[in-house]
Amino acid sequence: MNCDRKDLVLYAVTDRSWLGDKTLYSQVESALRGGATFVQLREKELDDADFLEEAKEIQKLCREYKVPFVINDNVEIAAEIGADGVHVGQSDMEAGDVRRKLGPEKIIGVSAQTVEQALRAQEQGADYLGVGAVFPTGSKADAVEVSRETLKEICRAVDIPVIAIGGISRENVMELRGSGICGIAVISAIFAQKDIEAAAGELKKRVEEMLA
C-alpha cells in the first residue's frame, strides 16, 4: 500500500499525556472531525493487552473516517489487528524486517535525521519518512534537532514522501514552506489543545497554505 501524499498532510500522533477527563478515543475522533488525514497510535506506557484493545477501537474509528491508521513501534500488534501499517524509529526494527513481517501491502514509516538514514530506509522499503525534530520539542526527551538544510536535502535525496515532525505549531508551520515536505506530524499542536477539533482544522488550513 503506497502512501498517498495527500494522506500525509496532517498526521496526528496520539499521546495520552493530555487526556484529563477525556478518552483517547474521543480525542482522536475530535482530531479526525477537525481534518486529521492520518493517525499514528503511540503508546509507551500501556501493557500489551490494553494496547491491543485500544488499537482495535482506534482502528475502527479511523476506518469510519477512511483515514490510514498505523501503530508506533509495535509490529506484533500491528500485525495482529491488521493495522494499515507501522512507524518505526532508528533504534527499532529495520524497515526491511518490518516489511517481511507485515507483507507488501502495509504502510511502513521510518524516522530519519540524516540523508544516509533516509536513503537506507527508502532502500529497505519504507513508504514515507518522518524527519525531525524540525523545531525544539517537549514531546520526546531524546529528540535530535534537524536543520532546515538537512530537511531539504532529505526531501531532494528520496523519492518517497517526507513529513516534518517535532515542535510544529500553527505559529511556526509557515517556516517549513519550500522544504519539499508533503505534510506535518504533530502531537501537542492537536492533542494538548482545549478544542482539539478546532486546532486540527486551523492547523490543516495552515499546512495547506504552506504547501501551496
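Refer to the structure printed above.
Remember, predicted model here, so these are calculated numbers, not experimental data.

Criteria and cut-off values
Residues numbered from 1 in each chain as written. Predicted model: local features only at pLDDT ≥ 70, side-chain atom pairs only at ≥ 80, totals over all residues. Heavy atoms only, no water. Helix = DSSP H or I, 4+ residues; strand = E, 2+ residues; numbered from the N terminus. Rg over C-alpha atoms; globule rule 2.2 N^0.38 Å. Buried < 20%, exposed > 50% of the residue type's maximum accessible area, 1.4 Å probe, protein only. Contact = heavy atoms within 4.5 Å. Areas by Shrake-Rupley, 256 points an atom, 1.4 Å probe, with all protein chains shown as cover. Lys, Arg positive; Asp, Glu negative; His and termini not counted. Charge placed at Lys NZ, Arg CZ, Asp CG, Glu CD. Core = buried A, V, L, I, M, F, W, Y, C linked by side-chain atoms within 4.5 Å. Arc of directions from axis to C-beta. 1 Å grid on protein atoms, 1.4 Å probe; cavity = no way out; pocket = protein on both sides within 12 Å on 5 of 7 lines; lining within 4 Å. Points joined across faces, edges and corners; volume = space filled by probe spheres on them. Nonpolar A, V, L, I, M, F, W, Y, C, P; charged D, E, K, R; others polar. Salt bridge = Lys/Arg side-chain N within 4 Å of Asp/Glu carboxyl O.

### Some remarks on the overall build of the chain
Item 1. A count of helical and extended segments in the chain gives 8 helices and 8 strands.
Item 2. Over its C-alpha trace the chain gives a radius of gyration of 16 Å, about what one expects of a compact globule, namely 17 Å for 212 residues.
Item 3. With the principal axes as the frame, the chain shows a C-alpha extent of 40 × 40 × 30 Å.
Item 4. Counting every position in the chain, which comprises 212 residues, the buried fraction comes to 52%.
Item 5. Of the contacts made within the chain by residues no fewer than 6 positions apart, 61% connect residues no fewer than 24 positions apart.
Item 6. For the chain, the exposed surface amounts to about 9800 Å²; the carbon and sulfur share of it is 46%.
Item 7. Considering the chain, the positive charge centre built from 26 side chains and the negative charge centre built from 37 side chains are found 4 Å apart.

### So, the nonpolar core
Item 1. Among the nonpolar cores identified, the biggest contains 63 residues, and Ile71, Leu129, Leu176, Ile184 and Ile190 are the most heavily contacted of them.
Item 2. Sorting elements by how many residues they give to this core places helix α2 (residues 48-64) first, with 6 residues.
Item 3. In this structure Leu176 touches Val134, Phe135, Arg148, Leu151, Ala164, Ile168, Ile181, Ile184 and Met210, once residues within four positions along its chain are discounted.
Item 4. With 12 residues, the next largest nonpolar core counts Cys3, Val13, Val70 and Ile107 among its residues.

### Looking at helix α4 (residues 95-102)
Spacing of three or four residues puts side chains on the same side of an α-helix, whose turn is 3.6 residues.
Item 1. Taken together, the buried positions of α4 are occupied by Ala95, Gly96, Val98, Arg99 and Leu102. The buried residues of α4 occupy one face: seen down the axis, they fall within an arc of 160°.
Item 2. For α4, the elements touching its buried residues are α3 (75-81), β4 (85-88), β5 (107-112) and α5 (115-123).
Item 3. Positive phi shows up at Gly103, right after α4, with a value of about 95°.

### A word on the layout of surface pockets
Unoccupied space between atoms shows up once a probe the size of one water molecule is rolled over them.
Item 1. Roughly 680 Å³ of volume is contained in the largest pocket.
Item 2. If you trace the largest pocket, you find 34 residues lining it, with Arg42, Ser111, Gln113, Lys140 and Ile165 closest to the centre.
Item 3. Going through the elements one at a time, β1 (10-13), β4, β6 (128-132), β7 (162-165), β8 (183-186) and α7 (188-191) are the ones with two or more residues in the lining of the largest pocket.
Item 4. Considered class by class, the residues forming the lining of the largest pocket number 13 nonpolar, 15 polar and 6 charged.

### A closer look at the pattern of salt bridges
Item 1. The full count for this structure, using the stated rule, is 15 salt bridges.
Item 2. Salt-bridge contacts for Glu53 lead to Lys56; the nearest nitrogen and oxygen are separated by 3.7 Å. Separated by 3 residues within a single helix, Glu53 and Lys56 lie in helix α2, roughly one turn from each other.
Item 3. Assessed through its relative accessible area of 41%, Lys56 is described here as partly exposed.
Item 4. Asp97 is the partner of Arg100 in a salt bridge, and the nearest nitrogen-oxygen pair spans 2.5 Å. In this pair, Arg100 and Asp97 both sit in helix α4, 3 residues apart, roughly one turn of the helix.
Item 5. Relative accessible area serves as the criterion here: at 64%, Arg100 is assigned to the exposed category.
Item 6. In this structure, a network of salt bridges that share partners links the residues Arg170, Glu171, Glu202, Lys205 and Arg206.

### Here we look at the side chain of Gln59
Item 1. With respect to the helices, strands and loops of the structure, Gln59 is situated in helix α2.
Item 2. When its relative accessible area of 7% is taken as the criterion, Gln59 is described as buried.
Item 3. In this structure Gln59 touches Phe69, Ile81, Gly82, Ala83 and Asp84, once residues within four positions along its chain are discounted.

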